[in-house]
Amino acid sequence: MAYDIVIRDGMVIDGSGGARYRADVAIQDGQIAAIGRINEKGKETIDAEGHVVTPGFVDGHTHMDAQVFWDPIGSCSCYHGVTSVVMGNCGFTLAPCKQEDADLVFRNLERAEDLSREAMLEGIEWSWESFPEFLDAVDNLPKGINYAGYIGHSALRTYVMGERAFTDEATEDDVRGMQNIVKEAVNAGAIGFSTSRTFNHITADDRPVASRLANWEEVRAIVNAVGETGKGVFEIAGEAPGRDPERIREYHERLRDLAIESGVTQTWGMFSVRVAPDFWRPYFDLLDETAAAGGRMFAQVHSRGLNNLLSFESNLPYDKWDLWRDIRELPIEEQAARLRDPDLRAKLVEIANQEYTGPRIVGAELRPPNWDLVFPMDDMQYDKPSMAQIAQEKGVDPIELMIDMALEKDLKMFFRTPIANENMDDVLEMMKHPRSVVTFSDSGAHVSQIMDSSLQTHLLSYWVREKEAMTLEDAVRQITYNTATMWGMHDRGLLREGMAADVVVFDPDTVGPRMPEVVTDLPAGAKRLKQTAEGIRNTIVNGEVLLTNNEYNGATPGRLLRS
């Protein structure tokens, strides 16, 4: 017998957290067929000497709902070993929705998740109205990786209520309609139900996204309807109760009580923030409190700062300011030529140092930076002095330093500025909590501002190899078994005979993210950030090689993963 694929002489890290061991891995008919000393040949053989062999990585927080229609391989997640993703987070989905009402869901996605309306209009071939029909549409697409999806509250609300979803509380009939639709969706395979109540999520015309108009009783009723199905996850982009302990506690009790009452597994993302360094800790206490009371709740955490990436090729904080606006509208080569004029540079620096008087800024939108929290990104070394430190050493203004450093790279230079997770000690502590999972790439969203699809390879390169703060076995478990299990993907996340053959083969000595780049490969020519990885030899999805040395081979082995 010849297996489809035999991976030979690799160091197996199976996702369980157990110690690594040398073995061969055989794949047949999309499943792990054998692990050990394998004498039989394979139709394809992968020499994994010097590499580790792990389960494919699972990312539980993406926004690929639109992207899946024009990008079958799930970039940029796929370049970093991710073989399965959960889309539809934060209440933002493309279904349920009639084609003629598409602008209602685009309105929720366009600003809150930085998705180009033009790209969505050109790139999506609409063939559904209900959520089950949307799942069927995704199921029928050629796919490189696996996709699961929530039904989103904002789409659900606009489908039932129309324009009233952006202005009114729901009536009893509205709520009953949403309950029936969400049960239909979960029974058809939706991974669960997601919502947003955060002030950061607003529409292009400065109104709250539809889910933010819902009162808590509406949310509670819908989540309890999910509970009636006996499956599903509830994901919430949470409220902002401020720093008042009583308000925080009241909110936490509502979350806890809903997890217990509904029986639905609950999850939310959490970051540390410099201005309130201990804000995150009561949330992690809540995880244990909820478990002790009989509910199930877990936090989604990141492996580094939540970074805006600034560059002349993409976005700068001053793009709409006087004089800057005129320069930034020029082709990049002309910008470089003009920026070499010292008089012009001096004027730009003067303007950029003026007090900000622009529109209200929310979420990941650009703002005049604190240069103590802006770091040059001319390579992938993470720990560097800030632009303020470097500027002080050189005796120049940080804005002038930014211009000069960018010119040295022909304006192909990034600067990263964290908007959360500034403290790496907090990041490590959150990752090691037993009720957290390392995920939250936001892949498919904020495509011109944020590039966090590489959080898995950053975990492996920075925390495992560079800092030695986590073993490779623990890190792999975080992004395979833990994530797969939390979202109910029980046939993935482990290398075991009979499990789905989602496999990554990588070099632990070199694995890590490459430098990002700006590309214009979205529909309608919209820009996005793209980032691939070093050290990943093969990414295998459902028993077929998808990528070799990060090069896509044209295969489409991905599947829709239904609950």
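Note that residues are indexed from 1 along each chain, following the sequence as it is written. In view of the model being predicted, local features appear only for residues whose pLDDT reaches at least 70, and side-chain atom pairs are presented and counted only at 80 or more, with totals across whole chains, interfaces and linings using the full set of residues. The basis for every side-chain value is the complete set of heavy atoms in the structure, and neither hydrogens nor water enter the calculation.

Asks: Would you explain the sheet that holds strand E15 (residues 414–420) in this entry?
Replies: In a beta sheet, neighbouring strands are held together by backbone hydrogen bonds and run either parallel or antiparallel to one another. Any two strands with at least two DSSP-identified bridges between them are counted as paired. Strands are runs of DSSP state E lasting at least two residues, helices are runs of H or I lasting at least four, and both sets are numbered from the N terminus onward. One open sheet accounts for 3 strands, arranged E13-E15-E14; its pairing is antiparallel. Both outer strands of the open sheet, strand E13 (306–310) and strand E14 (375–377), are each paired with one neighbouring strand and no more. Here the strands of the sheet are splayed against their neighbours by 40 degrees on average, with no regard to which way each runs. The convention used is that axes are lines fitted to C-alpha atoms, helices contributing only their stretch in contact, and that angles between N-to-C directions extend from 0 to 180 degrees.

Asks: Can you help me understand helix H10 (residues 332–339) in this one?
Replies: Since there are 3.6 residues in each turn of an α-helix, residues three or four apart along the chain are aligned in direction. All of the buried residues along H10 are Gln335, Ala336 and Leu339. For H10, the buried positions fall inside an angular range of 100 degrees around the axis, keeping them on one side. Exposed residues pointing more than 90 degrees away from the buried face of H10 are listed as Glu333 and Ala337. Each residue is placed in one exposure class: buried if its accessible area under a 1.4 Å probe, protein chains only, is under 20% of its type's maximum, exposed if it is over 50%, and partly exposed if it falls in between. Directions drawn from the helix axis to the C-beta atoms are what define this arc.

Asks: Honestly, the nonpolar core in this entry has me stumped. Any pointers?
Replies: Looking at soluble globular proteins, one finds that nonpolar side chains tend to be buried together. Buried Ala, Val, Leu, Ile, Met, Phe, Trp, Tyr and Cys residues form a nonpolar core when they are joined through side-chain atoms within 4.5 Å. Formed by 113 residues in total, the largest nonpolar core has its most connected members in Leu94 and Trp268. Whether two residues are in contact is decided by their heavy atoms: any pair within 4.5 Å suffices. Ignoring sequence-local partners within four residues, the contact set of Leu94 consists of Asp65, Ala66, Phe69, Val105, Phe106, Leu109, Ile124, Trp126, Trp128 and Phe134. With 30 residues, the next largest nonpolar core counts Leu310, Tyr318, Leu348 and Ile399 among its residues.

Asks: Any chance you could explain helix H1 (residues 102–110) here in plain terms?
Replies: The element H1 is extensively covered by neighbouring structure, given that 7 of its 9 residues are classed as buried. Among all positions of H1, only Ala102, Leu104, Val105, Phe106, Arg107, Asn108 and Leu109 are buried. Taken together, the buried residues of H1 touch helix H2 (117–123) and helix H4 (153–161).

Asks: When you look at the environment of Phe134 in this model, what are you seeing that I'm missing?
Replies: The topology assignment puts Phe134 in helix H3 (residues 131–140). Judged by relative accessible area, Phe134 falls into the buried class, the value being 2%. The contact partners of Phe134, leaving out residues within four places of it in the chain, are Asp65, Phe69, Met87, Leu94, Ala95 and Trp128.

None of this, on its own, says anything about what the molecule does.
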